[in-house]
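# Residue-level structural notes
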Amino acid sequence: MPHRLLSDTAANLHSVYIALLKDSRLWGDDYASGLQLITQKCSEALAAARCSVWCLNEAGVDLCCQALFENGQAADLFHDQLLKRADHPDYFACLDHDRVLVVDKVAAEDRFSSFIEYCKALSISSVMEAGVRTEGEVTGIIRWEERGAERIWNADEQAFACSIADLLTQFFAFHKLRETEERYRKIFEAAGEALAVLRGNRIVDCNKATLEMFRTRREDLMNVPLRSFWAETQPDGRKSRDIESLIFSPARHGRPQHLVWRHKRLDGVEFDTEVGITPLLLRGRLHHIVCLHDITHRQRAERQIRELNTLQQAIFDGANYSIVATDEKGVIHTFNRAAERMLGYSGREVIGKSTPARFHAENELRRRAHEATEELARPIQSGFDTLIARVLEGAVDEREWTYVRKDGSSFPVLLSVTALRNNLGDVTGYLCIASDITERIRANAELLHSKREIERNANHDLLTGLPNRSRLHDVARAAIRNAQERGQKLALMLLDLDRFKEVNDTLGHAVGDQLLKQVAQRLQALLISYGAYLYRLGGDEFAILVTRIQDKDATMRLATTVKASLRQPIQIEGITLELGGSIGVALFPDHGDSSHGLLRCADVAMYKAKQQSSGALFYEPQFDFHSPRRLTLLAELGAAIRNNDLILHYQPRVDLASGRCIGCEALVRWQHPTLGLIPPNEFIPLAESSDLIQPLGIWVLETAMAQARIWETNGLNLIVSINLSARNLMENAFPQCIEQTLAAHGLPAERLEIEITESTLISDPERTLMVIHRINNLGVRFAIDDFGTGYSSLAYLKRLPIQTLKIDRSFIRDLLSDDQDAMIVRSTLDLAHNFGLSVVAEGVEDEATLQELKRLRCEQIQGFLFSKPLPVAEFEQWLEAFSSTVTLPDLVPPLH
Ligand code: C2E
Ligand code: CA
Ligand code: CA
């Protein structure tokens, strides 16, 4: 500004200019609000209707509005305002030429007509504007506009306009620099590499990656000599200090430099970096940009690759499978030692040649593991090309194949072919890995052969070659499952030859064997057409499994046909024999749902058929009674009772209130000489269906009471419970028997408890009730066993003189998990308590259930939790241990 006296206006305007120049809001981050502030202050300073700032667009052609202050406030609708050079050519020419453009009276103006039109359209009466120049060129303008009355823009105002235009030049330059700087800063920071700027050997700037690399903060790094971050010694063993000048002096002289350098973090960890040093002149001073790249990972990877390569080479050479790799056209480039050995070529002979077809037999050989060797050579289609085609479809992974040696001989291999692909997924070659499986196939074949022999022997009858009993069960099991699923029936027939024993005894075993063979052949031929299978069970016993039967009649017709076929004379060594046979038939599902069950029924029916000489019979339940197996077992049971082969086991019953064992239940077992210990469920029903139940009941009573006497003598006052069947209680003499037994052992009647089930009363309630009352009158207690499983009604319970209810273990088992069971147990306890009965919970197996029962005020517990039923000696041991360990408070239920 030249020295001159300022008018008031000029002084005012000057101070506005100075204030703007000093306003930090212009020189901060926010370009837009800085600009807005300028338009506001300028509009106010000149009291103009509008003040706006415009800039040339990117292309440097048209003017775009950047900020507009109008009618006392910032307008925000300026963005799309545009003055196109093409529309206003004379205006733009004038701009370039004049420092300030003044149009006092728009209406009277005749220069740059198009621009005047533009002003008129906006009802602008006067305009003043100044060009903002950057390096001499107009890059923008600031414009004041008046509406309504025209305005003469005086010299002070025009000078002010020029000053503001200069200020804008600075403003634009500042923000442009800022933007560039910010952009570079961002690039600097965003660079994945650690970048640092050095002046001399001190760090003057660095990015975040550098801080992360050295695990440090900016202030710890800034202005610190770079040397502080060097490792003492470099990877080649030399001291960093010693080689410093050697390495870094070229960079100091302005030449870029690349090297590998070992650095050290502040925490002492050393790491190798690749360093790039680029000299850079900044404001006339030499700086260096250092780019650091941590190569620890790369070094590790390189080491691994090296190791892997060595390993691969070793595997490659040492492998006992051949490795042959080709390019995509099949030209071999890799051929390992094993391949040389196996195929008889040397690597030199084949590498670089397109020869894979020579290794591969024309035909792929298909062989399944369980097929025998002779099936090995069954060819299916062609060679390598087909294989490759399938590899490409992704269908082939590993298969058996045939390789052909140089000398033309071939051998089986297990071949896996992998397509090698590049990053784009194009096939670049194939890798064929093959192992010789000649030995394995031979061994497999041998194994198969012997396995088949064994299986055949295990499943077949040697004489007739027919499948045997064990095979029958296997097949029948599967057939039953099948029939079950489809809701079909099947039949199992058992056939026994009449008079075979006679033939065998009189004509000799050889003839007997011949006979069996012929019968087998004849029946098999016949049965095949019926879809039925023949088995020999042993001796002259055969079974026939018919898996598809229409109805009973059709089955009976088949049985009759079989029988008729047996009647046909048989010729053996010139002798003509006429036989017959008896057939028993059992049906699934009518007579059983297991192969054993069906066979037993067929056996019973066959026995009956033989007895009646009726040829063929269907099984009927009443046959059972006289079945030989049953009769045998019954006979044995009778002997067992007499010979004392039965024994009693005792299971403790614990009283919850006292925590003491107050009694036990006697449970019978049969110590069978060959079958071992037979559980009661298997022979009690048998005894019940015969008269043996009487002697059995008496035996149990007698044995249990004798035992109770022994315990009594030893000071153990246990209540012993015995189980009686309904039929025991229908015996009029039974009460008397009990009375005598008690008397014989000198036992008080309360020492005995009799367990009966709810169903005891069903067949003859009057008589049974009478017997029960008579026994009860002796003072013997009664318990209802398995309570909850039968048809119990209050009416029954009321009529019975019982003292105890035993809740069946099926309810106790799920007491804690099944709401319904819990409900039943709870209501049973309520019911029993209302009747003044005490309750025994059976089958208590865990502590949690015990606690729950205690909570429900159940009186007694019996179950595996305490003990299984035990033989006398063990029971006594248990008793001793129990009474010494039991802690009373533990078992006493809480007082209510
Ligand atoms: P039961 O009278 O209900 O006898 C209880 C059965 O439950 C016994 O089986 C016993 O071993 C078993 N048991 C006891 N505690 C538990 C437990 O915590 N968990 C499980 N899972 N089972 C438990 P056992 O000795 O095989 O007796 C079976 C049935 O044979 C008896 O059922 C009874 O009906 C009958 N029985 C046993 N001895 C005689 C007898 O001398 N005469 C008659 N007529 N029947 C008898
Ligand atoms: Ca019982
Ligand atoms: Ca029971």
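First, a word on what this report is: a plain description of the structure on this page. Please read these numbers as outputs of a predicted model, since none were measured by experiment.

### Some details on the overall build of the protein
Summing up its helical and strand segments, the protein has 30 helices and 33 strands in all. When each of the 896 residues of the protein is scored for burial, the buried share is 45%. Sequence-distant contacts in the protein: of pairs separated by 6 or more residues, those separated by 24 or more amount to 57%. Accessible area of the protein: about 46500 Å², with a carbon and sulfur share of 52%.

### Re the sheet that holds strand β23 (residues 580-588)
Within the open sheet, the five strands sit side by side as β19-β20-β18-β23-β24. Their pairing is mixed. Either end of the sheet is taken by a strand with one partner, and the two such strands are β19 (532-538) and β24 (616-618). Each neighbouring strand pair of the sheet contributes to a mean axis angle of 20°, computed without reference to strand direction. Looking at chain direction, strand β18 (residues 490-498) and β23 are connected through nine bridges and run antiparallel. Looking across to β23, one finds that Leu 497 is bridged to Gly 581. Sheet contacts for helix α18 (residues 552-567): β18, β20 (541-546), β23 and β24; angle to β23, the most-contacted strand, approximately 160°.

### Looking at the site of ligand 1
For ligand 1, the set of nearby residues contains 21 residues, the closest of which are Gln 651, Arg 669, Arg 809, Glu 845 and Phe 864. Measuring from a nitrogen atom of ligand 1, one finds a backbone N or O atom of Val 668 at 3.1 Å. Glu 845 is positioned with one of its side-chain polar atoms (N or O) 2.6 Å from a nitrogen atom of ligand 1. Of all the secondary structure elements, the ones that give two or more residues to the shell around ligand 1 are β26 (660-672), α21 (680-688) and β30 (781-787). At four residues, β26 tops the list of elements feeding residues into the shell around ligand 1. For the shell around ligand 1, a count of residues per class yields eight nonpolar, six polar and seven charged.

### Thoughts on the coordination of the calcium ion (ligand 2)
Protein-derived ligands of the calcium ion (ligand 2) are Glu 665 (OE), Asn 723 (OD1), Glu 755 (OE) and Asp 785 (OD), with the metal-ligand distances lying across 2.1 to 2.3 Å. A spacing of 3.9 Å is found between the calcium ion (ligand 2) and the calcium ion (ligand 3), which share Asp 785 as a donor. Taken together, the positions of Glu 665 in strand β26 and Glu 755 in strand β29 (residues 752-757) put the pair 90 residues apart, joining distant regions of the chain. Given a relative accessible area of 4%, Glu 665 falls into the buried group.

### With respect to the coordination of the calcium ion (ligand 3)
Under perfect tetrahedral coordination by four donors, a metal shows angles of 109.5 degrees; under perfect octahedral coordination by six donors, it shows angles of 90 or 180 degrees. The coordination sphere of the calcium ion (ligand 3), as far as protein atoms go, consists of Asp 785 (OD), Asp 786 (OD), Glu 842 (OE) and Glu 842 (OE), spread over 2.1 to 2.5 Å. If you list the donors of the calcium ion (ligand 3) from N- to C-terminus, the spacing comes out as D-D-x55-E.

### Digging into the packing of aromatic side chains
Aromatic rings in a pair are described by how distant their centres are and how their planes are angled relative to each other. Enumeration over the complete set of coordinates arrives at 22 aromatic pairs. Note on Tyr 91 and Phe 112: the rings are 6.4 Å apart at their centroids and 80° apart in plane angle, and the pair reads as edge-to-face. Pair noted here: Tyr 91 is in helix α3 (residues 89-97) and Phe 112 is in the loop between β5 (100-103) and α4 (113-121), with a separation of 21 residues, a long-range link. Taken individually, Tyr 91 and Phe 112 each receive the classification buried, so the pair is uniform in this respect.

### Section: the sheet that holds strand β11 (residues 270-282)
Pairing within the open sheet is antiparallel, and its five strands lie in the order β9-β8-β12-β11-β10. A strand with exactly one partner marks an edge of an open sheet, and here the two such strands are β9 (202-206) and β10 (257-264). On average, adjacent strands in this sheet sit at an angle of 35° to one another, irrespective of strand direction. Packing against the sheet, helix α5 (residues 155-190) makes contact with β8 (194-199) and β9, and its axis sits at approximately 105° to β9. Docked against the sheet, helix α8 (residues 240-252) engages β10, β11 and β12 (285-294), running at close to 145° with respect to β10.

### Focus on the pairing of β11
Both β10 and β11 contribute to a ladder of eight bridges, which runs antiparallel. Within the sheet, the bridge partner assigned to Trp 261 lies in β11 and is Thr 273. Counted along the chain from β10 to the antiparallel partner β11, the turn is five residues long, and its residue Gly 268 has a positive phi close to 95°. Two strands pair when backbone bridges link them, and β11 and β12 are joined in this way by ten bridges, in the antiparallel orientation. For Val 275, the partnering residue across the bridge sits in β12 and is Leu 292. Adjacent in sequence and paired antiparallel, β11 and β12 are bridged by two residues, among which Arg 283 carries a positive phi angle near 45°.

### Overview of the packing of helix α15 (residues 469-486) against helix α19 (residues 595-612)
To describe two helices that pack against each other, one gives the angle between their axes and the distance between the axes. Direction vectors running N to C along α15 and α19 enclose 115°, while the axes themselves pass 9 Å from each other. Taken together, the axes of α15 and α19 are roughly perpendicular relative to one another. Contacts between α15 and α19 involve Arg 469, Leu 472, His 473, Ala 476, Arg 477 and Ile 480 on the former and, on the latter, Ser 595, His 596, Leu 598 and Leu 599. Of the residues assigned to the contact of α15 with α19, the class counts are five nonpolar, three polar and two charged.

### Let's talk about helix α17 (residues 509-528)
For α17, with 20 residues, the first-to-last C-alpha span of 28 Å sits near the 28 Å given by 1.5 Å per residue. Along α17, the positions that sit buried rather than exposed are Val 511, Gly 512, Leu 515, Leu 516, Val 519, Ala 520, Leu 523, Leu 526 and Leu 527.

### Some thoughts on the side chain of Glu 109
Along the chain, Glu 109 falls in the loop between β5 and α4. Take Glu 109: its relative accessible area is 18%, and that puts it in the buried class. A distance of 2.8 Å separates a polar atom in the side chain of Glu 109 from a polar atom in the side chain of Arg 111. Those residues in contact with Glu 109 that sit more than four places away from it in its chain are Val 103 and Ile 116.

### Some points on the side chain of His 88
Structurally, His 88 can be placed in the loop between β4 (82-83) and α3. Those residues in contact with His 88 that sit more than four places away from it in its chain are Leu 83, Ser 114, Phe 115 and Tyr 118.

### Describing the nonpolar core
Ranked by internal contacts, the top residues of the largest apolar core, which has 79 residues, are Leu 646 and Ile 754. Residue contributions to this core peak at nine residues, all from helix α22 (residues 693-713). In contact with Ile 754, other than residues within four places in its own chain, are Ile 722, Leu 724, Ile 738, Ile 775, Val 780, Arg 781, Phe 782 and Ala 783. Ranked by size, the runner-up nonpolar core spans 34 residues in total, among them Val 511, Leu 558, Val 562 and Leu 577.

### Looking at the environment of Tyr 91
A relative accessible area of 0% means that Tyr 91 is categorised as buried. Through-space distance from the C-alpha of Tyr 91 to that of Leu 101 is 9.5 Å; in sequence the pair is ten residues apart. Excluding its chain neighbours within four sequence positions, the residues that come into contact with Tyr 91 are Leu 63, Leu 83, Leu 101, Phe 112, Phe 115, Glu 129, Ile 141 and Arg 143.

What counts, and where the lines are drawn
- Residues numbered from 1 in each chain as written.
- Chains lettered and ligands numbered in written order.
- Predicted model: local features only at pLDDT ≥ 70, side-chain atom pairs only at ≥ 80, totals over all residues.
- Heavy atoms only, no water.
- Helix = DSSP H or I, 4+ residues; strand = E, 2+ residues; numbered from the N terminus.
- Buried < 20%, exposed > 50% of the residue type's maximum accessible area, 1.4 Å probe, protein only.
- Contact = heavy atoms within 4.5 Å.
- Areas by Shrake-Rupley, 256 points an atom, 1.4 Å probe, with all protein chains shown as cover.
- Pairing = 2+ DSSP bridges.
- Axes fitted to C-alpha atoms, helices over the stretch in contact; angles between N-to-C directions.
- Near = heavy atom within 4 Å.
- Polar contact = N/O pair within 3.5 Å; in protein donor to acceptor, adjacent residues only side chain to side chain.
- Nonpolar A, V, L, I, M, F, W, Y, C, P; charged D, E, K, R; others polar.
- Donors = N, O, S within 2.8 Å, 3.2 Å for Na, K, Ca; no water.
- Phe/Tyr/Trp six-rings, centres within 6.5 Å; stacked < 30°, edge-to-face > 60°.
- Parallel < 35°, antiparallel > 145°, perpendicular 65-115°, else oblique.
- Expected span 1.5 Å × (residues − 1).
- Core = buried A, V, L, I, M, F, W, Y, C linked by side-chain atoms within 4.5 Å.

Read these as geometric descriptors, not functional statements.
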